[in-house]
Amino acid sequence: MSSRHAPLRQLPARHPHPCSPALFPPGTQAARPSVTPETSGFHLGTRGLACLTMGPTSRETWAQRLGTFRASPSTFMAGPEGEDLGRHLLSDLRNEKLSEPTKVSLLSLSLEYPAQLWPDAPAAEAAATSLLDTLVLLPPRPSALRRPLLLAATTALAAGGALGRSSGASRRLLPLLLGLASGRDLGRSFGPASEQRPLQATAWECLRELESCKPGLLGGCLGLLRGLLGQEGAVQPLSLLLALALRNALVIQARARAGLQGLLVAGDCPTEGCPWNWMLAEKGDAHLQPQAPSWPAAEEGECCLATLELSPEEARELRAAVAQLLDASYLLTPVAQAQLLWLLGWALRGLRGQPPVLFKPQLVRLLGTAQLTLLHAVLALKAAFGEALFTAQDEALLLRRLTLAAQHPALPLPTHLFYLHCLLNFPENWPLGPAGEEAAPLLLGSQLCRGLLPSLLHDPMDLLARLHLLCLLCVEDEEKEEKGQDQSPRRYLEELLAGLRQRAALDGGPRALATLCFQASYLVARCLAGQPLVLTRLTHGLAQLYRARPALAPHFVDLLDRVGPELGQPLKVVLRQEVVSGPGRDEALRWHLQMLARVADGDAQSATLGFLQAAAARCMDWGLQQALLQVCRALLRAGVGGGLADLLQALARQLEDPDGRDHARLYYILLAHLEEPKLGVALGPSLAAPALASSLVAENQGFAAALMVQEAPAPIRLSVGPHRAKGPVPVLQLQVEVLEQVYSLELRFHVERQLYAPLGAVHVPCLCPGRPARPLLLPLQPRRPAPARLAVRALYTTPSGLTCHAHLPPLLVNFADLFLPFPQPPEGAKLGFFEELWASCLPKGTESRLWCPLGSHGLEALVSRHLEPFVVVAQPPTSYLIAIRLPPDSRLLLRLEAAQADGVPVALRTDDWAVLPLVGDYLRGLSAAG
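Residues numbered from 1 in each chain as written. Predicted model: local features only at pLDDT ≥ 70, side-chain atom pairs only at ≥ 80, totals over all residues. Heavy atoms only, no water.

A. Inspection of the sheet that holds strand β5 (residues 762–767) at higher detail. Reading across the sheet, the five strands line up as β1-β8-β7-β4-β5 and stay open at both edges, with mixed pairing between neighbours. The sheet is open, and its two edges are formed by β1 (709–711) and β5, each paired on a single side. Within this sheet the neighbouring strands show an average axis-to-axis angle of 30°, counted without direction. Judged from the seven bridges that link them, strand β4 (residues 742–751) and strand β7 (residues 788–797) form a sheet pairing that is antiparallel. (Pairing = 2+ DSSP bridges. Helix = DSSP H or I, 4+ residues; strand = E, 2+ residues; numbered from the N terminus. Axes fitted to C-alpha atoms, helices over the stretch in contact; angles between N-to-C directions.)

B. Representation of the side chain of T403. When you line up the elements, T403 lands in helix α20 (residues 392–406). Given a relative accessible area of 0%, T403 falls into the buried group. T403 has contacts with L423, L444, L448 and L452, leaving out every residue within four places of it along the chain. (Buried < 20%, exposed > 50% of the residue type's maximum accessible area, 1.4 Å probe, protein only. Contact = heavy atoms within 4.5 Å.)

C. Up close: the packing of aromatic side chains. Taken as a whole and assessed by the stated rule, the structure comprises 12 aromatic pairs. With 4.9 Å between their ring centres and 90° between their planes, F69 and Y113 make a pair best called edge-to-face. On the criterion of sequence distance, the pair formed by F69 in helix α3 (residues 59–71) and Y113 in the loop between α6 (100–112) and α7 (114–117) is long-range, its members being 44 residues apart. Grouping residues by exposure puts F69 and Y113 together as buried. The rings of F815, F819, F870 and Y922 are connected pair by pair, giving a single aromatic cluster. (Phe/Tyr/Trp six-rings, centres within 6.5 Å; stacked < 30°, edge-to-face > 60°.)

D. Summary view of the sheet that holds strand β2 (residues 716–720). Spatially, the three strands line up as an open sheet ordered β2-β3-β6, and their pairing is antiparallel. Strands at the two margins of the open sheet, each flanked by one partner only, are β2 and β6 (776–779). Averaged over all neighbouring strand pairs, the angle between strand axes comes to 30°, with direction disregarded. As defined by bridge partners, β2 adjoins strand β3 (residues 731–738) across five bridges and the pair is classed as antiparallel.

E. Highlighting the pattern of salt bridges. All chains considered together, the criterion is met by 21 salt bridges. Here R172 ties to D133 by a salt bridge, and the two come within 3.0 Å at their closest N and O atoms. Of the two residues, R172 sits in helix α10 (residues 168–182) while D133 sits in helix α8 (residues 121–136), which places them 39 residues apart along the sequence. Through salt bridges with shared partners, a single ionic network connects E835, R895 and E897. (Salt bridge = Lys/Arg side-chain N within 4 Å of Asp/Glu carboxyl O.)

F. Representation of the nonpolar core in the model. Membership of the largest hydrophobic core comes to 123 residues, with the highest contact counts inside it found for L344 and F359. Considering each element in turn, this core owes the most residues, 12 residues, to helix α14 (residues 235–255). The residues touching L344, leaving out its near neighbours within four places in the chain, are A243, L246, V322, L325, L326 and F359. Of all hydrophobic cores here, the second largest spans 76 residues; its members include L463, L516, A615 and A627. (Core = buried A, V, L, I, M, F, W, Y, C linked by side-chain atoms within 4.5 Å.)

G. Broad picture of unusual backbone geometry. Residues L842 and P843 are joined by a peptide bond in cis, for which omega reads 10°. Relative to the helices and strands, P843 is located in the loop between α35 (830–840) and β10 (846–853). Of note, the bond from P887 into P888 is cis; its omega dihedral lies within 30 degrees of zero at 10°. Within the element layout of this structure, P888 appears in the loop between β12 (879–886) and β13 (890–896).

H. Structural detail: the environment of G86. With respect to the helices and strands, the residue G86 is situated in helix α5 (residues 85–92). For the pair formed by G86 and S110, sequence separation is 24 residues and the distance between their alpha carbons is 8.4 Å.

I. Structural detail: the packing of α5 against α6. Running from N to C, α5 and α6 cross one another at 140°; their axes reach a closest spacing of 10 Å. The orientation of α5 with respect to α6, classified from their angle, is oblique. When the axes of α5 and α6 are compared, the crossing they make is left-handed. Along the contact surface, α5 presents L85, L89 and D92, while α6 presents K103, L106 and L109. Residue composition of the contact of α5 with α6, grouped by class: four nonpolar, no polar and two charged. (Parallel < 35°, antiparallel > 145°, perpendicular 65-115°, else oblique. Left-handed = near helix turned anticlockwise from the far one by under 90°. Nonpolar A, V, L, I, M, F, W, Y, C, P; charged D, E, K, R; others polar.)

J. Structural view of the packing of helix α25 (residues 532–548) against helix α27 (residues 565–580). Remark: α25 packs on α27, axes separated minimally by 9 Å, with the N-to-C direction vectors making an angle of 35°. Relative to α27, the crossing made by α25 is right-handed. Taking contact as the criterion, the partners of L535, L538, T539, L542, A543, Y546 and R547 in α25 are, on α27, E566, L567, P570, L571, V574, L575, E578 and V579. Grouping the amino acids of the contact of α25 with α27 by side-chain chemistry returns 11 nonpolar, one polar and three charged.

K. Quick look at α10. In this model α10 runs 22 Å from its N-terminal to its C-terminal C-alpha over 15 residues, within 8% of the 21 Å that 1.5 Å per residue would give. Along α10, 12 of the 15 residues are buried, which leaves the element largely enclosed by surrounding structure. Two residues or fewer past α10, G183 is found with a positive phi of approximately 70°. (Expected span 1.5 Å × (residues − 1).)

L. Structural view of helix α19 (residues 372–385). Its 14 residues give α19 an end-to-end C-alpha distance of 20 Å, which sits within 8% of 20 Å, the value for a rise of 1.5 Å per residue. Most of α19 sits out of view: 11 of its 14 residues are buried. What α19 keeps buried is the set L374, L375, A377, V378, L379, A380, L381, K382, A383, A384 and F385. For α19, the secondary structure elements touched by its buried residues are α17 (334–349), α18 (360–366), α20 and α21 (413–424). Directly beyond the C-terminal end of α19, a positive phi value near 60° is found at G386.

Such coordinate-based values are descriptive only and should not be taken to indicate function.
Encoded structure:
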């Protein structure tokens, strides 16, 4: 045994609670365990120490506390006892007065609610350390606490996000789990012999959980796991762990474009004395799902397996590892076998140079299985490898088995539905048509499916599954009926739908029959959207059903909301014709109005308005009046005009309920004053909660927001462009960019501290994202030459018709943005013009001298980049005379002469004393600005 395990053997035979010093007799301090709450890494704090001083919690108190916690964990954790629950739980695990069943219940709480007990990584790390210390202090006799303690420490690290290279508890737990799982000296000395097998199984499960939470964690132990698989011991947990670690290692190494690098070669596992290898776990930061979401779908990242380059030796080792796992798979339970096959199939699906023939012996063994999970795994392999693994005979055998099993009368309904689902989603070797298109398997003909045709006597779920299969068969049917033979699938489908509609039309019949009829109609409309003849007959059949039973109007509305335009548009037309053909009986009026509110549009306006005028006289109660107004609202949104205005005026006068009159009057006002786009937005769905006093208040809340200016996040970015040094006043060039299309944009500006005169607004008719916009020009009118901040507010209209306003980030007007040039003098009078300006600045103005750094480009480059429009006399590269006009009526004159290597002396004159500090800051910043 290595020296790192010596402390485990030196533990005394019985360890009392570390917080009970009275249990240690005088003179035995050397035998006292060194693990205490202070040294274990879990700091109890003042409240925890006070609790321990007051004595341990009794079993009854814990039972009451756990009951309160389980009733509402969030409420308990927010209360006064929630903060110390984890501390008390960990400390009482070492209380010898509590029985082991009570401690097991405490550990079960930490397994069920780790996020509440250890909410962050430091708390989870401290809890795992304390749990491991408690595990070490257990006496060598049999105990029911060892397995829950292992599970609790694993759960704390995984759920709390503390599992990592820097975690001391992780460095203790991982070698312990590997030692227990492999049955080495560490495991045999950890507890009595009677607990070795259960502890070993628990260690395997903990390792698999850690590998699932941290993919690649056990990638360095693949060789060790392969060696253990050939030894006597638990085969199932080891096989699943090896398959999972192998799959994760392949994906991680493929993403890193690296080989297996000897990971499959047997070797020693990392130990506590040696640092754990976290390289693969850190590369595999993305979570890899350990179970298949669905068999035809490939997970994201599978395609990267094609980039994995394996040497011949690595490919040989990989095939040997997969064959080793498959050869031992018959010892596993059906569920474990299915998961193992999926993991290995997923790992080899996109891997080059790894033939799927390795699965052929298992396929021969499992083709006749009666286990649903194994049959599901076989179909998953078929979806993964197709004709590379399955022959046409295999495909025909699977289809025949599924077809016959789906007809077995002794099987329960869920099993029937499973077999039908497998038939509907059968992965073919050579599928025809575009990817994702739904179709029946080629080898599944009408003769083979004769026993799977739906009947009115079947259970609803069974009937719908069989109907789905029948619809797929109808897609291939060309409506050819052979004489003397059974009718075509399409004819059978129409008769079945007619029977369903006949049962749904029974007055007072069960609602479940009507629901089944509409579910079947939706299924047929989705599967046979490209069959006009079927949809036409379905449309007329549904119209007859509505004529017979108008109370099914809610079902028709739901169907129209779900089907596509192939059935939705013709069905709306025939239903509107059924409604407006006559008001019908009084009890059916509210159903007609509900239906008309869904199907009314701009077509057949006269017939619809005539129906509403006739129905208005019979709408005596509030509910019917509201239904009538809902139809008017639908017509408003559809753009119906003149006749509707007359109807609304009549309703505003004759309706007895004041709420209905208010609605009608409001709709008339909106129709008379709003254009169609704005009207559609105003009458859109309301997000406001309904008011109790009047429904009109709630509706006002819905469209008042559309009519008012709303504050919204700005979809506009505004920036200042290059400076324009011309014109009588300074002009700011604004670059505008939009994230979404806006109309009628108005930008309003406000100058802080009133340094400038009020600025006018800038208007833009339309802006589109991705389309370059011309610069916007904003004239400035400074009251004195000084920089300023412009507050910006945008007012715009969205494509949906809403008017919004937003505050944009302020714009900065720099001192240089105010510079204007003087009018250019004649060519020969430039020097005299400058000297005249120079002399006119004194004696009222001021003169100053300062140093202007040049940077690495020199004086000529600095002048051409920043001061070119204002140069009056230039003698490059040594002398420049510059005249700048500052609004409203100031001037700034500069003499740049005798430039040196690192700068140039500047003589300046101005008639405004206040600009001297601004000029100094501007000149000193020229070299930094480039």
